[in-house]
Amino acid sequence: MKKDTRLGHAGRNPEDNFGIVNPPVYHASTVTFPTVAAMHEAGKTPFEGVYYGRYGTPTQFALEEAVAELEGGEKCIATSSGQAAIVGGVLPFVGTGDHVLMVDSAYAPTRLRLCEDFLKRFGVSTTYYDPLIGAGLADLMQPNTKVVFTESPGSLTFEVQDLPAIAHIAHAGGAKVVLDNTWSAGYFLQPFELGVDVSVQAATKYIVGHSDAMLGTITCGADLYVQIKSTVTGMGYAAAPDDCYLGLRGLRSLGARMAQHQKSALKIAHWLAERPEVGRILHPALPDCPGHDIWKRDFTGASGLFGVELADHHGHDAIAAFLDHMRLFALGYSWGGFESLVIPANPSAIRTATGWENRGNLIRLQVGLEDVDDLIDDLADGLDRLTATATE
Ligand SMILES: *Cc1c(COP(=O)(O)O)cnc(C)c1O
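Anyway, here's the lowdown on the structure attached to this text. Owing to the predicted nature of the structure, the values given are computational and were not obtained by experimental measurement. Residue positions within a chain follow its written sequence, with the count starting from 1. Per-residue local features of the predicted model are confined to residues with pLDDT of at least 70, and side-chain atom pairs are confined, for both listing and counting, to 80 or more; whole-chain, interface and lining totals are unaffected and use all residues. Excluding hydrogens and water, the side-chain values take into account all heavy atoms of the structure.

## Some remarks on the layout of surface pockets
Then, in step 1: Lining residues are those with an atom within 4 Å of a point, where the points come from a 1 Å grid over the protein atoms alone and group into cavities, where a 1.4 Å probe fits but cannot get out, or pockets, open sets with protein on both sides within 12 Å along at least five of seven lines. Grid points are joined across faces, edges and corners, and a volume is the space filled by probe spheres set on the points. Roughly 640 Å³ of volume is contained in the largest pocket.
Then, in step 2: Lining the largest pocket we find 34 residues, and of these Y107, P109, S155, W335 and R364 sit closest to its centre.
Then, in step 3: In this description a helix means any DSSP run of H or I spanning at least four residues, a strand means any run of E spanning at least two, and both kinds are numbered starting from the N terminus. Elements represented by at least two residues in the lining of the largest pocket include exactly α4 (82-90), α5 (108-121) and β11 (341-345).
Then, in step 4: In this classification, the charged set is Asp, Glu, Lys and Arg, the nonpolar set is Ala, Val, Leu, Ile, Met, Phe, Trp, Tyr, Cys and Pro, and all remaining amino acids, among them Gly, are polar. Tallied by class, residues from the lining of the largest pocket come to 18 nonpolar, eleven polar and five charged.
Then, in step 5: Counted as a void, the second largest pocket has a volume near 260 Å³.
Then, in step 6: Contributing to the lining of the second largest pocket are 17 residues, with G11, R12, N13, D16 and P23 lying nearest its centre.
Then, in step 7: Class assignment of the residues belonging to the lining of the second largest pocket gives a composition of nine nonpolar, five polar and three charged.

As structure tokens, this is what we get:
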């Protein structure tokens, strides 16, 4: 069956639940056992079935089953946030003396918190690499490289990575490939077909889809499940049952929402490309975006998040005139919800392997589900304010 059909049915079985369409929300810490023998038996396989609240409830398992199905993996582990999924997707594979290759365009906390803070303090070194490196990654592999972390397209700058080429090199050196797959929602990219070992998502974004929960997912093959699950439960990353329910509910409309995000974002991207204030559109489906050909090869569509590089570099006042008075695009972090958002971004502050010098200002748009013509009007007025302020 096709993806949208599977998304409607994955992770639920009304027959187990009085015929009710959706699975119930189980709130649990303690799970009781009828006998000492049963308790002992369950303790042999704590990651299979219901054992203790932190290890998951049937609500969480339903979400995990559905996300594994979405991404084409065998197992999934839900976590309390996308950041927890990132940490939980890397830590199982590294220890003191090991090395991580981290994409230079990674989500900032992946770099600053995970690599520069925790991993460094625990004796794991990181080398940052150009997201467009492809097969050139071979030159950076070390005998102790255990994880090659990818994020495609990259945060803020949207470079699309050659995952099969990277996976080939990583695997030849005995390293795991971890992908931050949040942009595609797992809907427009099937990571395991491209050689990825572990796919993490901030389910906070498109899967939840309504800006009302924090949730992460780690999807993998059955062979890595126990190793990752024991790290995740050991770190204490329990996903809350109500949030798992919201993630599961979001999944039911994911296909319809992604289709609309894609359509509106493309219309806005093409409209912006014609505006004189705009330099480059960093949208993977547009030819200006680095890695556009790889996007065409590997992805089946595009979500609603993209970057806009302005033609000039403007000061604070002009950018504030543009963004402070938007009617629909709110200023705010996160994305993937029904509502449109915008942020001014500065990639040069968090890069070392690649630069962003002498470039126009970067603006990131999350195109929501509002009527696209209203969104275009909002942007048109904003760009007029930018021009008026810039030429004052
Ligand atoms: C938001 C985001 C995260 C972190 O997710 P949280 O749920 O906010 O912890 C990770 N990766 C990417 C690409 C993100 O945009």
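## Thoughts on the packing of aromatic side chains
Then, in step 1: Put simply, two rings from Phe, Tyr or Trp (the six-membered ring, in Trp's case) pair if the centres are within 6.5 Å, and we call them stacked under 30 degrees between planes, edge-to-face over 60, tilted for the rest. Evaluation of the coordinates by the stated rule reveals seven aromatic pairs.
Then, in step 2: Judged by centre distance (5.6 Å) and plane angle (35°), the rings of F47 and Y55 are tilted. Y55 matches F47 in its accessibility class, with the two residues each being buried.
Then, in step 3: For the ring pair Y52 and Y55, a centre distance of 6.2 Å and an interplane angle of 70° mean the geometry is edge-to-face.
Then, in step 4: Chaining the aromatic ring pairs together yields one cluster made of F33, F47, Y51, Y52 and Y55.
Then, in step 5: Between the NZ or CZ atom of K75 and the centre of the ring of Y225, over which it lies, the distance is 4.4 Å. Any residue under 20% of the maximum accessible area for its type is buried, any over 50% is exposed, and the rest in between are partly exposed; the area is computed with a 1.4 Å probe on protein chains only. Here, a charge over a ring is recorded when the distance from Lys NZ or Arg CZ to the ring centre is within 6 Å and its angle to the ring normal is within 35 degrees.

## Here we look at the environment of Y128
Then, in step 1: Structurally, Y128 can be placed in strand β3 (residues 125-129).
Then, in step 2: Assessed through its relative accessible area of 13%, Y128 is described here as buried.
Then, in step 3: Distance from Y128 to T354, taken between C-alpha atoms, is 9.0 Å for residues 226 residues apart in sequence.
Then, in step 4: Beyond its immediate stretch of four places on either side in the chain, Y128 contacts M102, V103, D104, R111, C115, E116, T352 and A353.
Then, in step 5: Only 2.5 Å separates the side chain of Y128 from the side chain of E116, close enough to count as a polar contact. Residue contacts are defined here by distance: any two heavy atoms, one from each residue, within 4.5 Å place the two residues in contact. Counting of polar contacts relies on pairs of N or O atoms within 3.5 Å, with two restrictions inside protein: one atom must be capable of donating a hydrogen and the other of accepting it, and residues adjacent in sequence are counted only when both atoms are side-chain atoms.

## Focus: the site of the ligand
Then, in step 1: The full set close to the ligand counts 13 residues, and G82, Q83, D180, T204 and K205 are the nearest of them.
Then, in step 2: Between the ligand and T204, the relevant distance is 2.5 Å, taken from an oxygen atom to a side-chain nitrogen or oxygen of the residue.
Then, in step 3: Residue W335 places a side-chain N or O atom 3.1 Å away from an oxygen atom belonging to the ligand.
Then, in step 4: To decide whether a molecule occupies a pocket or cavity, check its atoms: if more than half lie within 2 Å of the grid points, it is inside. Of all the cavities here, the one that holds the ligand is the largest pocket.
Then, in step 5: Per-element tally for the shell around the ligand: the top contributor is α4, with three residues.
Then, in step 6: Looking at the shell around the ligand residue by residue, the classes come out as five nonpolar, five polar and three charged. A cutoff of 4 Å decides nearness: a residue is near a molecule or strand if any of its heavy atoms lies inside that distance of it.

## So, the sheet that holds strand β8 (residues 278-282)
Then, in step 1: Only strands that DSSP links by at least two bridges are regarded as paired with each other. With mixed pairing, the five strands of this open sheet are ordered in space as β8-β9-β12-β11-β10. Every interior strand has two partners, whereas the edge strands, β8 and β10 (330-331), have only one.
Then, in step 2: The sheet contact formed by β11 and strand β12 (residues 362-366) spans five bridges and is antiparallel. Paired with L341 across the strands is Q366, a residue of β12.
Then, in step 3: Orientation is described by axes fitted as lines to C-alpha atoms, over the contacting stretch for helices, and by angles from 0 to 180 degrees between their N-to-C directions. Sitting on the sheet, helix α11 (residues 316-323) touches β9 (305-310), β10, β11 and β12, and the angle it makes with β11 is about 175°.

## Some points on the packing of helix α9 (residues 254-273) against helix α12 (residues 372-390)
Then, in step 1: For the pair α9 and α12, interaxial distance at closest approach is 10 Å and the crossing angle is 30°. Looking at the two axes, α9 sits roughly parallel to α12. For the pair α9 and α12, the sense of crossing is right-handed. Residues S264, K267, I268, W271 and L272 of α9 form the contact with α12, whose own contacting residues are V372, D373, L375, I376, L379, A380 and L383. When describing relative orientation, an angle under 35 degrees is termed roughly parallel and one over 145 degrees roughly antiparallel, while 65 to 115 degrees is termed roughly perpendicular and anything else oblique. In a left-handed crossing the near helix is turned counterclockwise from the far helix by less than a right angle, and in a right-handed crossing that turn is clockwise.

## Focus on the side chain of K3
Then, in step 1: In this structure, K3 sits in helix α1 (residues 3-9).
Then, in step 2: A polar contact of 3.3 Å, which involves the side chain of K3, links it to the backbone oxygen of G186.

## Observations regarding the pattern of salt bridges
Then, in step 1: The rule for a salt bridge is simple: a side-chain nitrogen of Lys or Arg has to be within 4 Å of a carboxyl oxygen of Asp or Glu. For the structure shown, the criterion picks out 16 salt bridges.
Then, in step 2: Residues E41 and K44 are paired through a salt bridge, measuring 3.1 Å at the closest nitrogen-oxygen approach. Placement of both E41 and K44 in helix α2 (residues 36-44) is noted, with a separation of three residues, approximately one turn of the helix.
Then, in step 3: For E41, a relative accessible area of 46% gives the class partly exposed.
Then, in step 4: In this structure K44 comes out as exposed when scored by relative accessible area, which is 53%.

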